[in-house]
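What follows is the residue order along each chain.
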Amino acid sequence: MKQLEAAKEVMQVFIDHGYDVYIVGGFVRDYVMGREGGDIDLASNATPEEVLSLFPQTVLTGVKHGTVSILWGPYVFEVTTFRKEGTYRDYRWPDHVEYVDSFEEDVKRRDFTMNALGLAIDGTLVDYVGGVADIQKRIIRTVGNPYERMKEDALRMLRAFRFVSKLDFTIHPDTLQAIRTLGHLMENISQERIIEELKQMLEGQAFLKALKLMKETSFIKQLGFFEAGLALCLDKSYQPATFAEFLAVCTLFGDSKGLKQLPLAKKLVQYVRRVVAFYRDCGKVHPWSLFTYGRDVVITGNRIQHFIDGNPLLTDDINRLWSTLPIKSLKDLAVDGHDLMSWFDRKGGPWLNELLHRIAKAVITGEVKNETDQIRHFLLKNK
Ligand code: ATP
Ligand code: MG
């Protein structure tokens, strides 16, 4: 069963119990554009508690903000209760929400007209704010006064650029003027939320167009650690393939110490550090650097060299070279620490790791075959 049909089954449950329910957000926008939609989000006048009681399988995604996830077969639908936003503190998310009964009221707190449409179960489009016309004109425009809406939640400014990148739309002049004036309010926004939007912006089809607009409006200056990387991408017409690649660019050509202040997964930070080290270290693509840094790090580092420094792009060569490596990690060596300890009759210590690396280097460069006897012979000869 398709996602849309499953959503209709869920909507029918709401309707059977006397509630209003609409598909909302990005799915409806994409549907109007004739695009394949992403996840389906719902909005209803049922309160979170009522939603919990209607469905056997639910997850409390954000009860505080009025959001419940309904598990329906293989699908998950987020349902948010119609609401009006309460008082905003420090230009961030409101500290409380007030539920309302009408969808028309709910629509007013949504960011852009194109995101403020409702799709009813019978396929009727509900459009209180001229969203369909704006989608047809390919315009991003706030619902209501752009100054007020950006002051309520400054992240909406970054979201506008994210949607330029994703949809190749333009920003309405009034909305753009508000961004020019209020960009500094971004200082109130958490790095988590900024990162979430930037990640999506990086994947957009019109990434460079979004960057150009960011520069023209000086909004780019509000992005701290990310500013240098974004400016360089614009300068070099360069769209990094991954968020990690982008972070490495920001670190290499901007604030080299900023990375550790960001709320990022440890693994991602370590990966970015390795790309930075490869680039700074020698940046040469050869069997030993491939072994030392790993294939993905070298591919990423080489992409940066290509787009920034004009070096050749070697992705295919790196893949080929990688497949010819006799060993890909120390674990692939025919000998291990135990062998070395017994051969040399020595206790373990830092010397073991050093020696394993020396052997690995000899194997990688073809000086010795990855076979126990050959390695033993090599060690005796090179004591
Ligand atoms: P995508 O398809 O790229 O996910 P989306 O429009 O679904 O785009 P989400 O971030 O998933 O974007 O948000 C879902 C909906 O919630 C939006 O369409 C919008 O109506 C509303 N929304 C999200 N963030 C905000 C915000 N900061 N201010 C006002 N409304 C918002
Ligand atoms: Mg969405």
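A few points on the structure.

Thresholds applied
- Residues numbered from 1 in each chain as written.
- Chains lettered and ligands numbered in written order.
- Predicted model: local features only at pLDDT ≥ 70, side-chain atom pairs only at ≥ 80, totals over all residues.
- Heavy atoms only, no water.
- Helix = DSSP H or I, 4+ residues; strand = E, 2+ residues; numbered from the N terminus.
- Buried < 20%, exposed > 50% of the residue type's maximum accessible area, 1.4 Å probe, protein only.
- Phe/Tyr/Trp six-rings, centres within 6.5 Å; stacked < 30°, edge-to-face > 60°.
- Axes fitted to C-alpha atoms, helices over the stretch in contact; angles between N-to-C directions.
- Parallel < 35°, antiparallel > 145°, perpendicular 65-115°, else oblique.
- Left-handed = near helix turned anticlockwise from the far one by under 90°.
- Contact = heavy atoms within 4.5 Å.
- Salt bridge = Lys/Arg side-chain N within 4 Å of Asp/Glu carboxyl O.
- Pairing = 2+ DSSP bridges.
- Near = heavy atom within 4 Å.
- Polar contact = N/O pair within 3.5 Å; in protein donor to acceptor, adjacent residues only side chain to side chain.
- Areas by Shrake-Rupley, 256 points an atom, 1.4 Å probe, with all protein chains shown as cover.
- Core = buried A, V, L, I, M, F, W, Y, C linked by side-chain atoms within 4.5 Å.
- Disulfide = S-S within 2.5 Å.

**So, unusual backbone geometry**
(1) Moving on: Residues other than glycine seldom take positive phi values, yet Ser 218 does so here, at roughly 65°.
(2) Moving on: Relative to the elements of secondary structure, Ser 218 occurs in the loop between helix H10 (207-216) and helix H11 (227-236).
(3) Moving on: The exposure class assigned to Ser 218 is partly exposed, which follows from its relative accessible area of 32%.
(4) Moving on: Of note in the backbone geometry, Asp 345 takes a positive phi value of approximately 50° without being a glycine.

**Focus: the packing of aromatic side chains**
(1) Moving on: Using the criterion set out here, one finds 17 aromatic pairs in the structure.
(2) Moving on: Judged by centre distance (5.4 Å) and plane angle (45°), the rings of Phe 14 and Phe 55 are tilted. With Phe 14 in helix H1 (residues 3-16) and Phe 55 in the loop between helix H3 (48-54) and strand E3 (58-62), this residue pair connects regions lying 41 residues apart in the sequence.
(3) Moving on: By relative accessible area, which is 0% here, Phe 14 ends up buried.
(4) Moving on: Exposure remark for Phe 55: the relative accessible area of 4% places this residue in the buried category.
(5) Moving on: Taking 5.4 Å as the distance between ring centres and 75° as the angle between the ring planes, the aromatic pair formed by Phe 278 and Tyr 293 counts as edge-to-face. Taken as a pair, Phe 278 in helix H13 (residues 266-281) and Tyr 293 in helix H14 (residues 287-293) lie far apart in primary sequence, 15 residues in all.

**Things to note about the packing of helix H17 (residues 337-344) against helix H19 (residues 372-381)**
(1) Moving on: Here H17 crosses H19 at 45°, and the two axes come no closer than 12 Å. Overall, the two elements H17 and H19 adopt an arrangement that is oblique. Taken as a pair, H17 and H19 cross one another with a handedness that is right-handed. Residue-level inspection shows Leu 340, Trp 343 and Phe 344 of H17 in contact with H19, the latter providing Thr 372, Ile 375, Arg 376 and Leu 379.

**Some thoughts on the pattern of salt bridges**
(1) Moving on: Following the criterion strictly, the structure yields 15 salt bridges and no others.
(2) Moving on: Arg 29 is paired through a salt bridge with Asp 30; the nearest N and O atoms lie 3.4 Å apart. In this structure, Arg 29 and Asp 30 share a single accessibility class: buried.
(3) Moving on: One connected set of salt bridges, linked through shared partners, spans Asp 111, Arg 159, Arg 162 and Glu 197.

**Re the pairing of strand E5 (residues 75-81)**
(1) Moving on: Of all 7 residues in E5, 5 are buried; the element is thus mostly enclosed.
(2) Moving on: Direction of pairing for strand E2 (residues 41-44) relative to E5: parallel, over a ladder of 4 bridges. Along E5, the bridge assignment pairs Ser 44 with Thr 81.
(3) Moving on: Two elements, strand E4 (residues 67-72) and E5, share 6 bridges in a ladder whose sense is antiparallel. Across the sheet, Ile 70 pairs through a bridge with Phe 77, a residue of E5.
(4) Moving on: Linking two consecutive strands that pair antiparallel, namely E4 and E5, is a turn of 2 residues; a positive phi of about 55° is found at Gly 73 within it.

**Some points on the site of ligand 1**
(1) Moving on: Every one of the 15 residues lining ligand 1 counts as a neighbour, but Asp 153, Arg 156, Arg 159, Arg 162 and Lys 166 are closest to it.
(2) Moving on: In the environment of ligand 1, a nitrogen atom lies 2.9 Å from a nitrogen or oxygen atom belonging to the side chain of Asp 153.
(3) Moving on: Side-chain polar atom of Arg 159 to an oxygen atom of ligand 1: 2.8 Å apart, as the coordinates give it.
(4) Moving on: Considered on its own, ligand 1 offers 590 Å² of accessible surface; in the complex 80% of this is hidden by protein.
(5) Moving on: At the level of secondary structure, the elements contributing two or more residues to the shell around ligand 1 comprise helix H2 (26-32), helix H7 (155-167) and helix H9 (191-202).

**Considerations on the sheet that holds E3**
(1) Moving on: In space, the 7 strands of this open sheet follow the order E3-E4-E5-E2-E1-E8-E9, with mixed pairing throughout. The open sheet has two edge strands, E3 and strand E9 (125-126), and neither has a second partner.
(2) Moving on: Note that strand E1 (residues 21-24) and strand E8 (residues 118-119) share 2 bridges and pair antiparallel. In the strand pairing of E8, Val 24 is matched with Gly 118.

**Looking at the nonpolar core**
(1) Moving on: Within the largest apolar cluster, 114 residues are counted, with the highest numbers of intra-cluster contacts made by Phe 14, Met 214, Phe 226 and Leu 230.
(2) Moving on: Broken down by element, this core gets its largest block of residues, 9 residues, from helix H18 (residues 350-364).
(3) Moving on: Aside from chain neighbours lying at most four places away, what touches Phe 226 is Gln 191, Ile 194, Ile 195, Leu 198, Phe 243, Phe 246, Leu 247, Cys 250 and Leu 262.
(4) Moving on: Counting residues in hydrophobic clusters, the runner-up holds 11 residues, among them Tyr 22, Phe 82, Val 100 and Phe 103.

**Some details on helix H12 (residues 243-253)**
(1) Moving on: A large share of H12 lies buried, amounting to 10 of its 11 residues.
(2) Moving on: When H12 is considered as a whole, its buried residues turn out to be Phe 243, Ala 244, Glu 245, Phe 246, Leu 247, Ala 248, Val 249, Cys 250, Thr 251 and Leu 252.
(3) Moving on: Looking at the packing, one finds that the buried side of H12 touches H9, H11, H13 and helix H15 (295-309).

**Focus on the state of the cysteines**
(1) Moving on: Applying the stated criterion across every chain, the model contains 0 disulfides.
(2) Moving on: Note on Cys 233: no disulfide assigned, nearest cysteine sulfur contributed by Cys 250 at a separation of 7.2 Å.
(3) Moving on: Look at Cys 250 and you get buried, because its relative accessible area is 0%.

Treat this as a map of the structure, not an account of what it does.
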